[in-house]
Amino acid sequence: MRIVVVGAGVVGLACGYELLQDGHDVVVLDSARAGQAASHGNAAKVAIAEAGPVPAPGMVVQGLKWMLRPDSPLYVKPSLSPPFLRFMLAMARNCTEAQFRAGLALNLRIATQADELFEEWRDAGLHFESHQRGVLLAYEHRTHFEHRLRYQDVFSSYGAEPDVLDAAGVHAVEPALSDRIQHGLFYPRDRQIEPDSLTSALVEHIGKLGGSVREDTAVAGFDRGPGGVIGVRTNNGDRLDCDGVVLAAGVWTGPLCEKLGVPVPIQPGKGYSVDYRPEPFKLRTSLTFEDAHVAVTPLDGVVRVAGTMEFAGFDTSINAKRIEAVQRAAAVGFRDWDPAAPHEPAWAGMRPMTPDGLPVVGPLTDGGNVWVASGHGMLGLTQAPATAQAIRRLVRGEAADPETSPARFRRRAGRRRRSADNLQSWSG
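First things first, this report covers the structure right here in the doc. (Residues numbered from 1 in each chain as written. Predicted model: local features only at pLDDT ≥ 70, side-chain atom pairs only at ≥ 80, totals over all residues. Heavy atoms only, no water.)

### What to know about the sheet that holds strand 13 (residues 239-241)
Then, in step 1: Taken together, three strands build an open sheet; the order of strands is 11-12-13 and the sheet is antiparallel. Unpaired on one side and paired on the other, strand 11 (219-225) and strand 13 mark the two borders of the sheet. Each strand axis lies, on average, 30 degrees off the axis of its neighbour in the sheet, ignoring direction.
Then, in step 2: Pairing between strand 12 (residues 228-234) and strand 13: three bridges, direction antiparallel. Along strand 13, the bridge assignment pairs Val-232 with Leu-240. (Pairing = 2+ DSSP bridges. Helix = DSSP H or I, 4+ residues; strand = E, 2+ residues; numbered from the N terminus. Axes fitted to C-alpha atoms, helices over the stretch in contact; angles between N-to-C directions.)

Written as structure tokens, this is what we have:
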């Protein structure tokens, strides 16, 4: 079969690589450069310890408070766009204890496959920068720390057991922290991967296996036949015949699904990062300042500081106040942080968010030959290997996981319509 994969971020490239293992003819398309959108500037962590979905208990109230602060960890730019309003209302409906626990369990089920699959890739000859320094969740405030401990039973059920630390324990794990940090959870098995090295390795091996990656090639449209999509038209005037399509274009997956007449609720959630090069000082571990929601990841010769979630539409412009907030979290969280330390220009990228905080992996329509692999939010690097293997199984003809399939949104919409009809009938 000839499969066209749309999107050359870490998820799309992983899908292309895995499909080649089954002998498919694979072409990966990207409208820009491979691996240089959301994958490029992420926090560089396989984030088992941070696998919770974005919709969480208390998020609505906290989000309303944060809307008054342009430098807050979460910012929602007001919009009257109907799709955006529907998305935010659906997200609010998912901010329940039960939904959060179920979503966390699903994300962990996918994420905890990552280490084994990354090792399989390395054994197959993919060379990428990887570290296993663990991750420290660092807290100033005991209330935030205790709130996180409420969900440790879910993490434990997937083997993610932390060291629970008091102030002395936190500073023993990471001496560079300031005295503001009083509590911590250290997950020693969590690892870090430099994303550009991974996407470069995937591009290289896709070529070695006979596939191709075409950069600066956007999708202009799809040609359909009796069995589904039979061709992909590009902005270069080419037409690629195909037997199937994988939509793994991050935030642009939603508009592509619209082209095919099947809306899937994916909205961009902008995040920021700043790379400090050379390293301001040596860190023993990767960590996250949980009160500020800012991640700090040491890599080879660089420290990456990343954070914030901004719902502001398809906009990659740099908001200086939000960059300052990310940098300020490091300045107050570390003992000897130099605010004038040399760093590269700030980066912003759009993460593909869903209203339930869960990925979208499955056929776009029942029995169709278009499969979706998107909606991973801040867990794209973490969930890419398992997502790619799921796509490989789907193309073989195996059944989709109903918890991640795009069909879940149609089922929920149908239930809401039936509830509304019943209410109207009862009122009448």
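### Description of the environment of Ala-348
Then, in step 1: Tracing the backbone through its elements, the reader meets Ala-348 in strand 19 (residues 347-353).
Then, in step 2: According to the relative accessible area criterion, Ala-348 is buried, its value standing at 13%.
Then, in step 3: The residues contacting Ala-348, other than those within four sequence positions of it, are Lys-270, Gly-271, Tyr-272, Thr-316, Ser-317 and Ile-318. (Buried < 20%, exposed > 50% of the residue type's maximum accessible area, 1.4 Å probe, protein only. Contact = heavy atoms within 4.5 Å.)

### Some words on the environment of Leu-287
Then, in step 1: With respect to the secondary-structure elements, Leu-287 resides in strand 16 (residues 286-289).
Then, in step 2: Using a relative accessible area of 0% as the deciding quantity, one classes Leu-287 as buried.
Then, in step 3: Along the backbone, Leu-287 and Gly-184 are 103 residues apart, and their C-alpha atoms lie at a distance of 9.8 Å.
Then, in step 4: Aside from chain neighbours lying at most four places away, what touches Leu-287 is Lys-45, Val-135, Leu-136, Glu-174, Leu-177, Val-294, Ala-295, Val-296 and Phe-334.

### What about the pairing of strand 2 (residues 25-29)?
Then, in step 1: Across the five residues that make up strand 2, a large majority, four, are buried.
Then, in step 2: Relative to strand 2, strand 1 (residues 2-6) runs parallel, the two being bridged by five bridges. For Val-4, the partnering residue across the bridge sits in strand 2 and is Val-27.
Then, in step 3: Chirality of the crossover, the property in question, places the unit of strand 1, helix 1 (residues 10-21) and strand 2 among those that are right-handed.
Then, in step 4: Where strand 2 lies against strand 10 (residues 212-214), three bridges are found, and the strand directions are parallel. Following the sheet pairing, Val-28 is matched in strand 10 by Val-213. (Right-handed = clockwise from strand over helix to strand, strands pointing away.)

### Structural notes on the pattern of salt bridges
Then, in step 1: Within the structure shown, the criterion is met by 29 salt bridges.
Then, in step 2: Between Arg-142 and Glu-146 there is a salt bridge, with its nearest N and O atoms 2.8 Å apart. Of this pair, Arg-142 and Glu-146 both sit in helix 6 (residues 142-149), four residues apart, roughly one helical turn.
Then, in step 3: On the accessibility criterion, Glu-146 (39% relative accessible area) is partly exposed.
Then, in step 4: Counted as one network, the salt bridges with shared partners bring together Glu-18, Asp-22, Arg-392, Arg-396 and Glu-398. (Salt bridge = Lys/Arg side-chain N within 4 Å of Asp/Glu carboxyl O.)

### What to know about the sheet that holds strand 3 (residues 45-46)
Then, in step 1: Spatial strand order, 3-9-5: three strands in an open sheet with antiparallel pairing. Only two strands of the sheet have a single neighbouring strand rather than two, namely strand 3 and strand 5 (130-131).
Then, in step 2: Two strands pair when backbone bridges link them, and strand 3 and strand 9 (residues 191-193) are joined in this way by two bridges, in the antiparallel orientation. Counted as the bridge partner of Lys-45 is Gln-192 from strand 9.
Then, in step 3: This element, helix 5 (residues 114-123), spans strand 3, strand 5 and strand 9 of the sheet and lies at about 45 degrees to strand 9.

### What to know about the packing of helix 1 against helix 9 (residues 195-208)
Then, in step 1: Where helix 1 meets helix 9, the axes come as close as 9 Å, and the angle between the chain directions of the two elements is 30 degrees. Classed by the angle they form, the pair helix 1 and helix 9 counts as roughly parallel. The two elements helix 1 and helix 9 cross, and the hand of that crossing is left-handed. Touching Val-10, Leu-13, Ala-14, Gly-16, Tyr-17 and Leu-20 of helix 1 are Leu-198, Thr-199, Leu-202, Val-203, His-205 and Ile-206, all from helix 9.
Then, in step 2: Tallied by class, the residues present in the contact of helix 1 with helix 9 amount to nine nonpolar, three polar and no charged. (Parallel < 35°, antiparallel > 145°, perpendicular 65-115°, else oblique. Left-handed = near helix turned anticlockwise from the far one by under 90°. Nonpolar A, V, L, I, M, F, W, Y, C, P; charged D, E, K, R; others polar.)

These results come straight from atomic positions and should not be treated as a statement about function.
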